[in-house]
Amino acid sequence: MTALLDDLGRRVVETVGMPKDAWEIAAQLEVMGMRDSDARTGYGVRDLFDLARAIERRFRAGAYGFALEGEDPRPRALPWLRFLRRYIAGIAFALPMAMQAAAMLLWGYGIWGAIDLELAQGSAIALGFIGSYIAVGGFTQAIVRRGLFYIYQQEEGLARWTALRGFGIALRVTLALLVPALLINLLFGLLPWTMVLIASLFYAGLTVLWLAWALLYLVHHTELMLAVTAVALAAVIAVAKLGGAPPLVANGIGVAVADLLSVAAALFFLNRMARRRGNVEAVNPPRLAVLVFSTSRYFVYGLLFNAFLFTDRVIAWTTPVGRDDFPPYPFWLNVRYELAMDLALVVVIVMGGFVQYAIEHFSEKLIPHEKRVRSDEREHFVHDQLDAHRRRSWQLALTALIALAAAWLLISALQQVDNRRLHEVLTAPVTMRVFVAAAAAYTVFMFAVRNVLLLLTLAAVDSAVRSVAFALVANIAVGFVCSRAIGYWAAVAGLIAGAIVMAIVAARETRRILEQLDYSYYAAF
Amino acid sequence: MTTLSVLMTTEGTYPYGAGGVSTWCDALLRNTPDVRYTLLPIMMNPHIEARFEPPANVRSVINVPLWGIEEPAEFASGTKFADLYERKRATTDAEIEAEFLPPFRAFLDLVNSGKDAEGFGRVLVQLEDYFARRDYSVTLKSRPVWNAFVDTMQLFARRAAAALPEEARAHQLPSIFDLTECLRWLYRFLIVLTVRVPPVSVTHTTAAAFCGIPCITAKVRRGTPMIVTEHGVYLREQNLFLSRFKRLFFCKQFLLNLITAVVRANYFHADIVAPVCHYNTRWELAHGTPQHKVRVIYNGVDPEVFSPGPRRAGAPHIVATARIDPLKDIETFLRVVARVRETHRDVRVTIFGNVADAAYYERCLALRGELGLDEAVTMGTAAEDEAAVVAAYRDADVVLLTSISEAFPYSVIEAMACERAVVASDVGGVGEALEECGMLVRPRDVDGFATAVRQLLDDPSLRARIGRRARARVLEEFRLDGSITAYLELYHRLAAATEGTRSGEGEPHALEVGA
C-alpha cells in the first residue's frame, strides 16, 4: 500500500514541486480525477482529504524528491554585445542633434538654425527653442511615466488615451503661456515684434515636436526621431538651396515637416499598439485630478531638469557685460557661447551611452540578485549592490576621460576646417574658455544624471526632484553673479556649480536609497 | 415594512466577467426587483467593460480594482481630492508605527497560524478603521511596514522550516524577492479594506474570498447577517492556480495561508454557507463550517427558455458548452471524439466557449490537427447569446462534458432542460445534477466516454428517454424560480431575525437557519 501511495505522491509532487500542505495535495488529487470512492477502494482511507494527509506525511518524512525550477535564465547575448546594444540606445537620443550639427557644418543649415541667419532671427529662434524645451519638460515626463505604467499593465488602449489626452493638455497649456509672454512684451517692449513673432512660431512648432517625440519614446520607436530629423533636414536644404528660400523660411518649413512626420508616426504607432491587444478604446479612464496628482512629481522633475539644461544660456544671453557685439535687446544670442556649449555636448553623448548601459544593467541584475539572497542576509545584498555601484562609477570615470578626449579632438579637428568664420569663432578665447568649462561641467553632470536616473528607476522621484532643484538654484545664483560680475561667458560657472551640487545631492540620495535597497525596490511600484 | 437592502459582493465575475457566476448573479438581481442592492465587484483592473447591465434595483456599484491603479485613491469616488491629499500628509511613520503596526502584526500572525477565524474578523475591522483615517498607499509602502513584515515572516519561516525534510528547508526561508512579492500582493488584496459600504439588511458574497471581507466586517461591526454562496470552492481553485509556483515556494505558501485565513473567516462569520451542490460542502465542512450553517441551493434554469425543440436533420452532432481551459479537459474531449469517429465517421462536434487560456488553446488546436479532427471539430468561440445556446443544445444529439473539476455546471442542467442526453465526467456536483438522467464517466477515461457516447448515438430511443427524464428532473429540482425563491426567503428571514438585535435588544449572534 505504501508503494501505491508513494507512486501517487510522487505524481503529485512532480506537478506541484514542494507542496504547501494537505489541502494543496487534495486539490491536485481532485483534478487528477480521483474521488472519495477511489481513495477508499484504492488506498484504504476514508476520503481524498485523508489520502492527501497521508501523502503529506510521507513528503515531510522525506520520501519524495522534488524539483523546483532553476534560476532565471541567463541572457543569451554575449556581455559585450549587450553593452554595445545598450550603449547605442543611450546615444540614440543625441543622434538627431549630431546629425543637425553635421548638416550645419556641411551645408550651413540645421532644422531650426542656419549659419546665414541674421542674429536677430537666430536669437528669436533660440528663445523659442529654449522656451519650448522648458515648457514641455514636465509634460513629457508625466506622459511617458503614466503611459509606460499602463503599457506595463497591458492596457495599451489606456496608454494611448493617456498619451493623447496628455498631448492635448500639454499643447493647450504651453501655447497658453504665450499669452502672458506677449502681454509682458506689450507692457515693457522688451523685444521687437518681429522677433517675438518668430520666437512664438518656433516655440509653438518645437513644442509640438518635443511632445510628439515623447510619444515616439513611449511606443519604443526612438529611431524615428533620427529618420524625422533626416527628412526635415532634407526639406530645409532643398527649400533653401534649390528653392532659394531665405534661411528663416527654410527653417520654418523644416520644423513643420518634422512636426507633421513625428505626429503622424506617433499616432500610427499608438493606434497600432492599442489595436494589437484589441483594446483601442479606454474603458473607465481615471479622473483627471488623479492623473495630475499621480504624475505631478514627475512633472516637476521634468520641468526643473529641462530648465537646468538651459539656465546658463539664458543668463549669458541676457547681459551685455563683457560682450563686444553690443546686444541691442535684453535677450541676444551669442554664437561663440552657443557653439562652445554645443561642442561640449560631445561629453554628454559619449558618457550618455555608458549611463544607459549602467542603468539597464542594474535593472536587469536586481531581481536575480534578490532571488539568490535570503532575507536574513540583507546586509550582504546591500554591500554587494554598493560595491557594484562603485565599480560603475569608476567605469564612468574612465568613460569621462574618453569623452573629454573625444570632445577635444573634435574641436581641434574643426579648428582645421577651411572656413574662416568657423575658425575665427572656434579659436576665440571666449569660445575655448566656455568649451573647457562646459566640458568639465557636463562630465560632472553625467555622474549626477546617472544617479538621478537610478533614483527614478527606483521610483524615488522626490530624491530626484531635490537633486535637480538644488542644482537649478545653484546654477541660477552662481551663473547670475559671475555673468554680471565677470562677463556673460562666466554664466557657464553656474552650470559647473549646478552640476557639482546635483552630483553631490544625487550621490547622497542614491547612497541612502541603495543602503536600504531591499525596501527601496519593494516600494518602487 | 422596511425595504430589504442587500450588499452583494463579487470577485472577477459580475458584472464584468462572463460565466456561470455572472449568469446566476444577473438572474438573482433581476428576479428580486423589490430588493435594493448595493453591488461591490472586486476586479482585476478598472478598465474592463461591463458585460452585464445591472438592473434598476441595483442602486449603486462600488468598483474595487486591485490592479491597474497606482493606489486606491485613484478610484475613491465621492471623496474630495483635497481630503485625500490631506490624509496622505497626515500619514507619518510615527502614526503608522503607533496605529497600524499592532493590528498588522496580529493580522500576519493569524495568516501564518491559520487559526482563530473570529479574531481574524476583528483584526480586519481594526485595519478597516485605520484606513478610514490614514492613507493606504503611504502606509503599505512605508519602511516601518516593510520592516515589520520582514521580521514577522522571517520568524514564521524559521519555525515552519523545522517541520520540513532537510532538502526542503532552504526553500522555506524567504529570499528578499519572496518578501517583496508577498508584500506587494498583500498591498493589492487588502485594497478592499479601504472601501466604505452602507449599512444594509443582509450581505451576500458570491465567493468565500476577498470579496467577502466587507461582509465579514459588516457582521463584526453591526451584526449584519451574512450569506456565502460558493459556486466553485475558492480555496481549492486557488490551490490549483498557485501550484504553478513551483519555484517560489515561500510566495505560494504565503498566498495560500492568506487565502485560507480569508476563506475560513468567511465560513466562520457567515450565517449561511450556500454551496451550489453537496460536493462543495466537503471543503467547507473540512475547514470548520458547522453543518447547521450549510444549506445547498442548486443553480436553476428557466425551463421556458431552455426547452426542448426539434433537432435539425443531419449528421450526428456532439455539443459542449465549455470554455477552453485546462479544467474543462478539452484534450480528453478531443481524444473521445477521435475514438467515437472510428465507428461513427460522420459525427460532427462543436465546442461553444471562449478561450480562457491561450497557451492551452494552442495545445488543443495542435491535438485536433494531430487527431485529424480539423474538419470535424469546431471550437474557440462562444455562442452569441442565450438563444444561440438553446439552439446549440437543440441541435445536439449528445451533450458531452469532460471536465476534471466542476461545481454545479449550468451547461449540464441547461442541456437537461432541453431534453438532451448528457455524458459528463463524475466530478464535483455533476452527479447530483444527472443522477439517473444521464451518463457519468470517470474523469480522463477516454474509452468510458467513447462507449457512452456511442451507446447514445446508436440508440435514439435511449437518448429520448434519458432526455425526458432529464427535463423532468430539472422541472422538479433545478428551476430558476426555485433558486431565486430560496434566496429571497433567506434574505427576509435573516433580516427579520436580526432586526430585534439591531434595535438594541441583544448582541448580534450567528443564526441557526435550518437547511
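Residues numbered from 1 in each chain as written. Chains lettered and ligands numbered in written order. Predicted model: local features only at pLDDT ≥ 70, side-chain atom pairs only at ≥ 80, totals over all residues. Heavy atoms only, no water.

**Observations concerning the overall build of chain B**
Within chain B, the secondary structure is distributed over 20 helices and 13 strands. For 515 residues, the compact-globule estimate of 2.2 N^0.38 gives 24 Å, and the C-alpha radius of gyration of chain B, at 25 Å, lies within 12% of that figure. Here chain B holds 515 residues, and the buried ones make up 63% of them. For chain B, contacts bridging at least 24 residues in sequence account for 73% of all contacts bridging at least 6. Here chain B carries 58 positive and 65 negative side-chain charges, and the mean point of each set is 2 Å from the other. (Helix = DSSP H or I, 4+ residues; strand = E, 2+ residues; numbered from the N terminus. Rg over C-alpha atoms; globule rule 2.2 N^0.38 Å. Buried < 20%, exposed > 50% of the residue type's maximum accessible area, 1.4 Å probe, protein only. Contact = heavy atoms within 4.5 Å. Lys, Arg positive; Asp, Glu negative; His and termini not counted. Charge placed at Lys NZ, Arg CZ, Asp CG, Glu CD.)

**Some remarks on the sheet that holds strand 8 (residues 317-321) of chain B**
All names here are of chain B. The sheet built from six strands is open, its strands ordered 10-9-8-11-12-13 with parallel pairing. The open sheet has two edge strands with one neighbour each: strand 10 (377-381) and strand 13 (439-441). Going across the sheet, the axis of each strand differs from the next one's by a mean of 20°, ignoring polarity. Pairing between strand 9 (residues 348-352) and strand 10: four bridges, direction parallel. (Pairing = 2+ DSSP bridges. Axes fitted to C-alpha atoms, helices over the stretch in contact; angles between N-to-C directions.)

**What about the pattern of salt bridges?**
Opposite charge on two side chains allows them to pair when their charged atoms are near. Evaluation of the coordinates by the stated rule reveals 50 salt bridges over all chains. Asp426(B) is paired through a salt bridge with Arg35(A); the nearest N and O atoms lie 3.0 Å apart. Of the two residues, Asp426(B) sits in the loop between strand 12 (421-425) and helix 17 (430-434) while Arg35(A) sits in the loop between helix 2 (22-31) and helix 3 (36-43), which places them in two different chains. Here Arg442(B) makes a salt bridge to Asp38(A), at a shortest N to O gap of 2.7 Å. Taken as a pair, Arg442(B) in the loop between strand 13 and helix 18 (446-458) and Asp38(A) in helix 3 lie in two separate chains rather than in one. Counted as one network, the salt bridges with shared partners bring together Arg82(A), Arg86(A), Glu360(A), Glu364(A) and Lys365(A). (Salt bridge = Lys/Arg side-chain N within 4 Å of Asp/Glu carboxyl O.)

**With respect to the side chain of Ser307(B)**
Residue and element names in this part refer to chain B. Looking at the secondary structure, you find Ser307 in the loop between helix 12 (281-286) and strand 8. Note on Ser307: relative accessible area 13%, which makes it buried. In terms of polar contacts, Ser307 uses its side chain to reach the side chain of Arg394, at 2.8 Å. Residues in contact with Ser307, not counting those within four places in the same chain, are Val390, Arg394, Ala417, Cys418 and Arg471. (Polar contact = N/O pair within 3.5 Å; in protein donor to acceptor, adjacent residues only side chain to side chain.)

**Here's the deal with the pairing of strand 8 of chain B**
Remember that side chains alternate between the two faces of the sheet whenever the strand is regular. Residue and element names in this part refer to chain B. In terms of burial, strand 8 is a largely internal element, five of the five residues being buried. Of the two faces of strand 8, both are covered, the one formed by His317, Val319 and Thr321 as well as the one formed by Ile318 and Ala320. By the bridge criterion, five bridges tie strand 8 to strand 9 in an arrangement that is parallel. From the neighbouring strand, Ala320 faces strand 9, where its bridge partner is Ile351.

**Structural notes on the interface of chain B and chain A**
Listed by partner, the interface residues are 68 residues for chain B and 67 residues for chain A. A buried area of about 6,200 Å², summed over both sides, lies between chain B and chain A, and 56% of it is on carbon and sulfur atoms. At the surface where chain B touches chain A, the tally comes to six salt bridges. In this structure, the salt-bridge partner of Arg282(B) is Glu30(A), at a minimum N-O distance of 2.8 Å. Connecting chain B to chain A are 30 residue pairs in polar contact (both at pLDDT 80 or more). When residues of the side of chain B that touches chain A are traced back to their parent elements, those giving at least two are helix 2 (81-90), helix 6 (143-161), helix 7 (166-172), helix 8 (176-189), helix 10 (234-242), helix 11 (249-269) and helix 12 of chain B. For the side of chain B that touches chain A, the class distribution of residues is 33 nonpolar, 16 polar and 19 charged. (Buried area = accessible area lost by both parts, 1.4 Å probe. Nonpolar A, V, L, I, M, F, W, Y, C, P; charged D, E, K, R; others polar.)

**Structural notes on the packing of aromatic side chains**
In total, this model carries 48 aromatic pairs over all chains according to the counting rule given. Members of the aromatic cluster, joined through ring pairs, are Tyr522(A), Phe525(A), Phe100(B), Phe104(B), Tyr130(B), Phe131(B), Tyr136(B), Trp146(B) and Tyr187(B). Lying across the ring of Phe268(B), Lys293(B) places its NZ or CZ 5.6 Å from the centre. (Phe/Tyr/Trp six-rings, centres within 6.5 Å; stacked < 30°, edge-to-face > 60°. Lys NZ or Arg CZ within 6 Å of the ring centre and 35° of its normal.)

**Let's talk about the nonpolar core**
The biggest cluster of nonpolar side chains holds 140 residues, and the ones touching the most others in it are Trp112(A), Tyr337(A), Tyr442(A) and Phe445(A). Setting aside residues no more than four positions away along its own chain, Trp112(A) makes contact with Gln100(A), Ile125(A), Phe129(A), Phe202(A), Leu206(A), Leu209(A), Trp210(A), Asn251(A) and Val255(A). By size, the runner-up hydrophobic cluster in this structure holds 114 residues, among which are Met34(A), Leu68(A), Leu258(B) and Ile404(B). (Core = buried A, V, L, I, M, F, W, Y, C linked by side-chain atoms within 4.5 Å.)

**Considering helix 1 (residues 20-30) of chain B**
Of all 11 residues in helix 1 of chain B, eight are buried; the element is thus mostly enclosed. Looking only at helix 1 of chain B, the buried set comprises Val21(B), Ser22(B), Trp24(B), Cys25(B), Asp26(B), Ala27(B), Leu28(B) and Leu29(B).

**A closer look at the packing of helix 1 (residues 2-16) of chain A against helix 2 of chain A**
Residues and elements named next belong to chain A. Interaxial distance between helix 1 and helix 2 falls to 10 Å at its minimum, and their mutual angle equals 100°. Relative to helix 2, the element helix 1 is oriented roughly perpendicular. Packed against helix 1, whose contacting residues are Leu8, Val12, Thr15 and Val16, the element helix 2 presents Glu24, Ile25, Gln28 and Leu29 at the interface. A breakdown of the residues in the contact of helix 1 with helix 2 according to their chemical character gives five nonpolar, two polar and one charged. (Parallel < 35°, antiparallel > 145°, perpendicular 65-115°, else oblique.)

**Here's the deal with unusual backbone geometry**
With glycine set apart, most residues show a phi of negative sign, and most peptide bonds adopt trans. Residue and element names in this part refer to chain B. At the junction of Tyr14 and Pro15, the peptide bond is cis and its omega measures out at -5° in the coordinates. The topology assignment puts Pro15 in the loop between strand 1 (5-11) and helix 1. You will see that Glu419, though not glycine, has its phi angle at about 60°, which is positive. Mapped onto the fold, Glu419 is located in the loop between helix 16 (410-417) and strand 12. On the accessibility criterion, Glu419 (29% relative accessible area) is partly exposed.

**A short note on a nonpolar patch on the surface**
A surface patch of nonpolar side chains, amounting to about 490 Å² of accessible area, comprises Leu78(A), Trp80(A), Leu81(A), Leu84(A) and Ile88(A). Counting through the fold element by element, Leu81(A) comes out in helix 5 (residues 79-91). (Patch = residues over 30% accessible without salt bridge, like charges linked within 9 Å, V, L, I, M, F, W, Y side chains within 5 Å. Areas by Shrake-Rupley, 256 points an atom, 1.4 Å probe, with all protein chains shown as cover.)

**Observations concerning the environment of Ser294(A)**
Here Ser294(A) shows up in helix 13 (residues 288-316). On the basis of relative accessibility, which here comes to 14%, the residue Ser294(A) falls in the buried class. Distance in space between the C-alpha atoms of Ser294(A) and Arg145(A) is 9.7 Å, their sequence separation being 149 residues. Those residues in contact with Ser294(A) that sit more than four places away from it in its chain are Arg146(A) and Glu70(B). Among the polar contacts listed, one links the side chain of Ser294(A) to the side chain of Arg146(A), at a separation of 2.9 Å.

**Structural notes on the environment of His369(A)**
All names here are of chain A. Inspection of the secondary structure puts His369 in helix 14 (residues 335-372). On a C-alpha basis, the gap between His369 and Gln385 in space is 9.1 Å, while along the polypeptide they are 16 residues apart. If sequence neighbours within four positions are ignored, His369 has contacts with Phe381, Asp384 and Gln385.

**Here's the deal with helix 6 (residues 95-107) of chain A**
All names here are of chain A. Helix length check: helix 6, at 13 residues, gives a terminal C-alpha distance of 18 Å against a target of 18 Å (1.5 Å per residue), a fit within 8%. Here helix 6 has its buried residues at Pro96, Gln100 and Ala103. Along the axis of helix 6, the buried residues cluster in a sector spanning 60°; they form a single face. Residues of helix 6 that are buried make contact with helix 10 (193-218) and helix 11 (223-242). Looking one or two places after helix 6, you find Gly108, whose phi comes out positive at around 85°. (Expected span 1.5 Å × (residues − 1). Arc of directions from axis to C-beta.)

**Digging into the confidence of the model for chain A**
With 98% of its residues at a pLDDT of 70 or more, chain A shows a mean pLDDT of 92. The secondary structure element of chain A with the lowest average pLDDT is helix 16 (residues 420-427) of chain A, at 85, and the one with the highest is helix 19 (residues 492-514) of chain A, at 98. (pLDDT = per-residue confidence, 0-100.)

**Section: the pairing of strand 5 (residues 202-205) of chain B**
Residues and elements named next belong to chain B. Side-chain alternation along strand 5 places Val202 and His204 on one buried face and Thr203 and Thr205 on a second face that is also buried. Bridge count between strand 1 and strand 5: four bridges; the pairing is parallel. Residue pairing for strand 5: Val6 is matched across the bridge by Val202. Note: strand 5 against strand 6 (residues 226-230), three bridges, orientation parallel. Across the sheet, Thr203 pairs through a bridge with Met226, a residue of strand 6.

**Some remarks on the confidence of the model for chain B**
Residues and elements named next belong to chain B. Here chain B averages 91 in pLDDT, and 96% of its residues register 70 or above. Note that residues 503-515 has pLDDT below 50 and, in this model, 24 contacts with residues that lie over four places away or in other chains. The complex model carries a pTM of 0.90, and its ipTM stands at 0.90.

**With respect to the environment of Ala464(A)**
Residues and elements named next belong to chain A. As for its position among the elements, Ala464 is in helix 18 (residues 461-485). By relative accessible area, Ala464 is classed as buried at 0%. Along the primary structure Ala464 and Ile91 are separated by 373 residues, whereas in three dimensions their C-alpha atoms are 22 Å apart. Not counting chain neighbours up to four residues away, the residues in contact with Ala464 comprise Tyr301, Val452, Leu455 and Leu456.

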